[in-house]
Amino acid sequence: MHFSFIFLVLVYLTFAFGDSLICNNGFTVVNSNKCLKLFSSAVKHRTAEANCASYGGTLVNIRNSIDNRAVTQFVGNIGLSFWIGVYCLESNNPSSCYFDDDLGTDTAFNNFAKGFPNTDIGGCVYSATSGSLAGQWISSECDNVEMAYVCEIPMTRADSCAHNYNGYCYIMSHENSTSPILSFNDAYKSCQDNCANLVSIHSRRELSYIQGIYSPFNISSVTIGGLSTAPMAPYWSDLSH
C-alpha cells in the first residue's frame, strides 16, 4: 500500500504493504469492485456531486450490466430514484453521455429506458428503483429536481491510517511531529528523511479528497510536490506521471 502524508503546507508520501482491499468512511463493498454509499435524503444534482466529491468520489459510475444490477440491489426498493454519475450532451446518443469519473462515455454500456437520453428534459441522469423501470436510466432536469443519490470512491488497502484513500495515506503536518510550516526544500527533505514524498495529485477525485480533509480547517493553501523548470513544463518531485 502506498502512503502519502499531507502536511499543513507539505505532504508526505510513504509506503506500506497490505493485501486486503476495503472501503472506508462508511462505504460498502459492492460487487467486489466498488465502494458505494447511499444517501437517501433527496437533494439537487449539484449538491449530490459536491457531497460525493468531499469523499474523493463521484456519483456512482456503472459500466456493465453486472454492476448495474448490483447497484440496483444495493439501493433496494427504497421507493426513490437516485442520481448516477452520467451527464448527457445529446438526445438519443449515449456516446455523448460522460461518466463523472472522467474515464469515458456510455458507448460500451448503458441502460437507458426507451426514448432516453433526452436532453430536452435535461442532461442529468437517474436510475429508477422499482416497477418496470427498475435499474433503467432516465434523463432529468438538473437544477430543480431533488433525488436520493449513490456516491462511489476507490477501494483502498486496509491500514490504520486516519486519511486512507485509494491506496495512499495522507497526513497533514499539524497531525505529525514535524513542523507544520516549512519551505519547499525543507519540506521535501523532511519527506525524504521519512522515506516519503511531497504529495503528487493525479486525478480530480484525489484533488477533491485532499480539499475535503482540509475543509474543517482555516487553511487557504498547501505545498504539494509540483515543480517546473520552464513555463508549461511542470513535473512531480516524486517523478510520477
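Residues numbered from 1 in each chain as written. Predicted model: local features only at pLDDT ≥ 70, side-chain atom pairs only at ≥ 80, totals over all residues. Heavy atoms only, no water.

Describing the confidence of the model for the chain
In the predicted model, the chain carries a mean pLDDT of 87, and 91% of its residues have values of at least 70. Within the model, pLDDT remains below 50 along residues 5-17, and this stretch shows 88 contacts once partners closer than five positions in the same chain are excluded. (pLDDT = per-residue confidence, 0-100. Contact = heavy atoms within 4.5 Å.)

Focus on a nonpolar patch on the surface
Side chains of Tyr87, Leu89 and Tyr98 sit close together on the surface and give an oily, nonpolar patch of about 320 Å² of accessible area. Relative to the helices and strands, Leu89 is located in the loop between strand S7 (82-88) and strand S8 (97-99). Assessed through its relative accessible area of 55%, Leu89 is described here as exposed. (Patch = residues over 30% accessible without salt bridge, like charges linked within 9 Å, V, L, I, M, F, W, Y side chains within 5 Å. Areas by Shrake-Rupley, 256 points an atom, 1.4 Å probe, with all protein chains shown as cover. Salt bridge = Lys/Arg side-chain N within 4 Å of Asp/Glu carboxyl O. Helix = DSSP H or I, 4+ residues; strand = E, 2+ residues; numbered from the N terminus. Buried < 20%, exposed > 50% of the residue type's maximum accessible area, 1.4 Å probe, protein only.)

Quick word on the domain arrangement of the chain
Each assigned domain of the chain is listed with its residue range as follows: domain 1 (26-153) and domain 2 (160-236). Placing a centre on the C-alpha atoms of domain 1 and another on those of domain 2 gives a separation of 31 Å. In this assembly, domain 1 packs against domain 2 so that about 600 Å² is buried in total across both faces, 48% of it on carbon and sulfur atoms. Residues Arg204 and Asp102 are paired through a salt bridge, measuring 3.0 Å at the closest nitrogen-oxygen approach. At the boundary of domain 1 and domain 2, one finds three residue pairs in polar contact (both at pLDDT 80 or more). In terms of residue class, the side of domain 1 that touches domain 2 is built from two nonpolar, four polar and four charged. (Domains from an automatic or database assignment. Buried area = accessible area lost by both parts, 1.4 Å probe. Polar contact = N/O pair within 3.5 Å; in protein donor to acceptor, adjacent residues only side chain to side chain. Nonpolar A, V, L, I, M, F, W, Y, C, P; charged D, E, K, R; others polar.)

Let's talk about the UniProt feature "domain: C-type lectin" (unreviewed entry) in the chain
If you check UniProt for "domain: C-type lectin" (unreviewed entry), the listed places come out as residues 31-143 in our numbering. Along residues 31-143 one finds 19% helix and 27% strand; the C-alpha atoms at either end are 31 Å apart. (UniProt positions renumbered as here; feature names shortened; annotations may be inferred.)

Description of unusual backbone geometry
Among all residues save glycine, negative phi is the norm, and among peptide bonds the norm is trans. Geometrically, the link from Phe116 to Pro117 is a cis peptide bond, its omega value of 5 degrees lying close to zero. Its location among the elements puts Pro117 in the loop between S8 and strand S9 (124-127). Backbone geometry places Asn25, a non-glycine residue, at a positive phi of 60 degrees. Relative to the elements of secondary structure, Asn25 occurs in the loop between strand S3 (21-22) and strand S4 (28-30). Look at Asn25 and you get partly exposed, because its relative accessible area is 39%. If you check the backbone angles, Asn166 has positive phi at about 55 degrees while not being a glycine.

With respect to the pairing of strand S10 (residues 137-140)
Moving residue by residue along a regular strand, the side chains alternate between the two faces of the sheet. Every second residue of S10 is oriented toward a common face, with Trp137 and Ser139 on one face and Ile138 and Ser140 on the other, all of them buried. With four bridges joining them, S9 and S10 adopt antiparallel strand pairing. Each residue of the ladder has a partner; that of Tyr126, found in S10, is Ile138. (Pairing = 2+ DSSP bridges.)

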